[in-house]
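Topology and contacts: notes
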Amino acid sequence: MTANRHTDVIIVGAGLAGLSAALELRRNGKTVVVLEAQNRVGGRVFSEQRDGIIIDYGAQWISPYQTRVHALIKRYGLATTPTYRQGNTLFIMRGKRWTSRSDVPPLPVSSKLDLYRVRHKLDTMSERIDREEPWRSVLAERLDSQTMETWLAKTMFTSQGQSFCRLIAEEELSGTLTEVSMLDFMWELVSAGGVDRLFTGEEAWIVEGAHSLPDRIAAELGEAVRLQSPVQRIEWGVGGVSVHTGDGGCWKGDKVIVAIPPTFTIRIDYDPPLPFMRDQLCQKVGQGSASKFVVVYEYPFWRKNGMNGMAYSDSDLIRATMDSTMPGQSLGVLTALSSGREARNLGLMEEREREKEVLRCLANFFGDSALRPLAYYEKDWSADRWARGGYGAHFGPGVLSQFGPSLTEPVGPIHWAGSETASEWRLYMEGALQSGERAAKEVLASTERQT
């Protein structure tokens, strides 16, 4: 049995949210410990170097409007590179193939007008959604009474326009539109600053790999980060908290910030139990499903064929691809994404069968050269012990409008963080950082009130 240890604030989870909270608290003179269940930091940000290539298995891309991410990139001397977009993007929808130099396929005029209408409607609705507390918005109950699929079917009048919106939205949400409340989607849209800014979310990526961000933060925090320390029990009351880990250790503190996905927060035993509203909220969250595949070739052959490596399909197991070739590198790297039902189907396959299916999809996009890779890497986030789903959690109809306040509302000395709770760039790395800052500021403010 490890002796009790004391610190001002205990943070559960060493993803970007937990690490961000630790940095903010340290800057304000608080002592912290960050308890991480895994043998690495980063959570759903995970990169490895393989044969001289950085493989990003999780969160990867960033927007120029994500100020916190860019501040850390500058602080730690990292570099970014723009996503390769020179050439044509491929779209496969409703059995037809289109190529386009824009982000939209060359649809009929009626479908383009339909897309313009829905874009305008989304931006108009955004003005009536509270970014901090969307469940208090005027439109909250109406939007939360329907899935995004239902809303799309009622709002758009062309089948091709609907297909394009569904294709792009499902890749963004890591799930099918029948699983996600329209209010949940609108919260993500508003948190990014609207449709135009949301579409900038994949404009660049970090040369050293996205995992370099949590790695650098953890190095700065030093011994405050404790790996392989899964939290099993939190005892809380007016006197503070006692946090028990799987190795028999116990940390005592004034406050605790739980910075892990909502589903996992209720796998911890709380004494006394959490309020029923918080518990039921977490019972109703959906983690989505996502798999990511990184395939390495002798050279980026698709570029010679006038393609930029971006492809979208509404009829295959791979829904989207991106060119992740390092600038100045001779090897070609394609990143392939699968989500929702398709990711689950791939996850049920044996590894060799899954690789064969992924390469078949890539060959359908870019030709038979895609069948001859030098290397193949994969990450099924649904099978990951500490993720069990997609890159972020979503809520179905009726959840946020009834239980939403419990997502961020502190419970005594317990505070909540994580990209699902963010009010800026929710479900992105930027959102994780912002949520950690917000939770830390809540802790600081409550501490000041008590003194």
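In the block above lies the structure referred to throughout.
Quick look at the structure, then.

Calculation criteria
Residues numbered from 1 in each chain as written. Predicted model: local features only at pLDDT ≥ 70, side-chain atom pairs only at ≥ 80, totals over all residues. Heavy atoms only, no water. Pairing = 2+ DSSP bridges. Helix = DSSP H or I, 4+ residues; strand = E, 2+ residues; numbered from the N terminus. Axes fitted to C-alpha atoms, helices over the stretch in contact; angles between N-to-C directions. Parallel < 35°, antiparallel > 145°, perpendicular 65-115°, else oblique. Contact = heavy atoms within 4.5 Å. Nonpolar A, V, L, I, M, F, W, Y, C, P; charged D, E, K, R; others polar. Core = buried A, V, L, I, M, F, W, Y, C linked by side-chain atoms within 4.5 Å. Buried < 20%, exposed > 50% of the residue type's maximum accessible area, 1.4 Å probe, protein only. Phe/Tyr/Trp six-rings, centres within 6.5 Å; stacked < 30°, edge-to-face > 60°. Lys NZ or Arg CZ within 6 Å of the ring centre and 35° of its normal. Salt bridge = Lys/Arg side-chain N within 4 Å of Asp/Glu carboxyl O.

Things to note about the sheet that holds strand β1 (residues 4-6)
- One open sheet holds the five strands; their spatial order is β1-β14-β13-β12-β16, and the pairing between them is mixed. In the strand order of this sheet, the two ends are held by β1 and β16 (269-271), each with one partner. Strand-to-strand twist in this sheet, taken as the mean axis angle between neighbours without regard to direction, amounts to 20°.
- Sheet topology places strand β13 (residues 240-245) next to strand β14 (residues 250-253); four bridges connect them, and they run antiparallel. Residue serine 242 lies in a different strand from β14, and its bridge partner there is lysine 252.

Description of the packing of helix α3 (residues 109-126) against helix α7 (residues 182-192)
- Running from N to C, α3 and α7 cross one another at 85°; their axes reach a closest spacing of 10 Å. Taken as axis vectors, α3 and α7 run roughly perpendicular relative to one another. Along the contact surface, α3 presents Leu122, Met125 and Ser126, while α7 presents Met182, Phe185, Met186, Leu189 and Val190.
- Of the residues assigned to the contact of α3 with α7, the class counts are seven nonpolar, one polar and no charged.

Re the nonpolar core
- Leu122, Met125, Leu143, Met182, Phe185 and Met186 are the most contacted members of the largest nonpolar core, which has 53 residues in total.
- The biggest single contributor to this core is α7, with eight residues.
- Residues contacting methionine 125, with those up to four places away along its chain left out, are Leu139, Leu143, Trp151, Met182 and Met186.
- Ala22, Ala210, Ala417 and Leu433 belong to the second-largest nonpolar core, a separate cluster that totals 39 residues.

Structural notes on the packing of aromatic side chains
- One pass over the full model with this rule turns up 13 aromatic pairs.
- Each ring, one from tyrosine 297 and one from tryptophan 302, has its centre 6.1 Å from the other, and the planes form 75°; the classification is edge-to-face. Across this residue pair, the class does not change: tyrosine 297 and tryptophan 302 are buried.
- An aromatic cluster is present here, built from Tyr297, Phe301, Trp302, Phe365 and Phe366 joined pairwise through their rings.
- Looking at arginine 278, its charged tip hangs above the ring of tryptophan 416, at a distance of 3.6 Å from the centre.
- Sitting above the plane of the tryptophan 381 ring, lysine 379 keeps its charged end 4.9 Å from the centroid.

Some thoughts on the sheet that holds strand β20 (residues 320-323)
- An order of β9-β8-β19-β20-β21-β18-β22 is seen for the seven strands of this open sheet, with the pairing classed as mixed. Either end of the sheet is taken by a strand with one partner, and the two such strands are β9 (96-100) and β22 (375-380). Going across the sheet, the axis of each strand differs from the next one's by a mean of 15°, ignoring polarity.
- Across the sheet, helix α6 (residues 159-173) is in contact with β8 (88-93), β9, β19 (307-313), β20 and β21 (332-339); its angle to β8 comes to roughly 110°.
- Along the sheet face, helix α14 (residues 351-366) touches β8, β9, β18 (290-297), β19, β20, β21 and β22 and points at about 70° away from the line of β18.

Focus on the pattern of salt bridges
- Evaluated as defined, the whole model comprises 26 salt bridges.
- A salt bridge links arginine 85 to aspartate 103; the nearest nitrogen and oxygen atoms lie 3.6 Å apart. Placement of arginine 85 in the loop between β7 (80-82) and β8 and of aspartate 103 in the loop between β9 and α3 is noted, with a sequence separation of 18 residues between them.
- On the accessibility criterion, arginine 85 (31% relative accessible area) is partly exposed.
- According to the relative accessible area criterion, aspartate 103 is partly exposed, its value standing at 45%.
- The residue arginine 131 makes a salt bridge to glutamate 424 at a minimum N-O spacing of 4.0 Å. Here the residue arginine 131 occupies a position in the loop between α3 and α4 (140-144), and glutamate 424 occupies one in the loop between β24 (414-416) and α16 (429-450), the gap between them amounting to 293 residues.
- Through salt bridges that share partners, Arg68, Arg131, Glu424, Glu430 and Glu437 make up one connected network.

As for the environment of valine 9
- One can find valine 9 in strand β2 (residues 9-12).
- Its relative accessible area of 2% is what places valine 9 among the buried residues.
- Spatially, the C-alpha atom of valine 9 lies 27 Å from that of arginine 388, the residues being 379 residues apart in sequence.
- Beyond its immediate sequence surroundings of up to four residues, valine 9 is in contact with Leu25, Thr31, Val32, Val33, Lys255, Ile257 and Val443.

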